[in-house]
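Structural description and commentary
Chain by chain, the residues run as shown.
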Amino acid sequence: MATELSGWVMRQTWTDLLFAHWPVSVSTMRALVPEPLELDTFDGSAWIAVVPFGMSGIRGRGLPLLPGLSRTLELNVRTYVRYKGRGGVYFFSLDAASRVIVRGARITYRLPYYDARMSWDGSRYESVRMHKNAAKAEFRAEYKPTGPVFNAVPNSLEHFLTERYSLFTAYSGKVYRGDIQHEPWPLQPAAALVETNTMTGMELSGTPLLHFARTIDVRIGRIHRV
């Protein structure tokens, strides 16, 4: 588990999550990630991920669940970075089905959230970006776990890609970090049939590395300048 996050302000449960990862050349990724963030690589490759999942139990610390605001679907596109010696996630986009959550996250976390029409029926996930004046982006896939649950071994590729407890964003030349806390990911090998994926804005080659996680409880801290 990550270090105890004493100052957490929100909790959520993430469910039915797919990690779909592709290796990307360092030169391609460097052009997309703002300075002064450093690329975090594994065996000489940068990585990009498309991550669809569900969120439930969304509530502020000490607050009750709010009807209509405690559950949504989300899909993010991310890579991995380092800043001042700390590793974390850099988000290219985060699509969500809740307009309230999209606007709240844009303001409070300075993240590129977008409105989307989304559905998940337990096997098929669909997302179509509907945000005004945003680039079109769609994802349609069926996915499922195919093996037993395991925790990623330290120093393995799976650990590098999933055990991340900070996010970084750059805004007006300043770098901000937000931290999260949860148990180690209960990963499973996965299979996916991807019908449409225009989320990344780049050509992705080869078969993605796939992992599934059924559920995990998360605590989220404030974002702050670093």
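Residues numbered from 1 in each chain as written. Predicted model: local features only at pLDDT ≥ 70, side-chain atom pairs only at ≥ 80, totals over all residues. Heavy atoms only, no water.

Further remarks concern a nonpolar patch on the surface. Judged by side-chain polarity, Leu66, Leu69 and Val100 come together as a nonpolar surface patch covering roughly 240 Å² of accessible area. Here Val100 lies in helix H2 (residues 99-109). (Patch = residues over 30% accessible without salt bridge, like charges linked within 9 Å, V, L, I, M, F, W, Y side chains within 5 Å. Areas by Shrake-Rupley, 256 points an atom, 1.4 Å probe, with all protein chains shown as cover. Salt bridge = Lys/Arg side-chain N within 4 Å of Asp/Glu carboxyl O. Helix = DSSP H or I, 4+ residues; strand = E, 2+ residues; numbered from the N terminus.)

Once that is clear, we can look at the environment of Arg177. By the element assignment, Arg177 lies in strand S10 (residues 174-181). The buried category is assigned to Arg177, whose relative accessible area is 17%. Apart from the residues within four sequence positions on either side, Arg177 is in contact with Arg86, Ser166, Leu167, Phe168, Arg222, Ile223, His224 and Val226. Side chain to side chain, Arg177 and Asp179 meet in a polar contact 2.9 Å long. (Buried < 20%, exposed > 50% of the residue type's maximum accessible area, 1.4 Å probe, protein only. Contact = heavy atoms within 4.5 Å. Polar contact = N/O pair within 3.5 Å; in protein donor to acceptor, adjacent residues only side chain to side chain.)

By the bridge criterion, three bridges tie strand S5 (residues 86-96) to strand S6 (residues 113-120) in an arrangement that is parallel. Bridge pairing in S6 places Asp95 opposite Tyr114. Here S6 pairs with strand S7 (residues 124-129) via five bridges, running antiparallel. Considered in S7, the bridge of Ser119 is made with Glu126. Between the antiparallel neighbours S6 and S7 lie three residues, among them Gly122 with a positive phi of about 100 degrees. (Pairing = 2+ DSSP bridges.)

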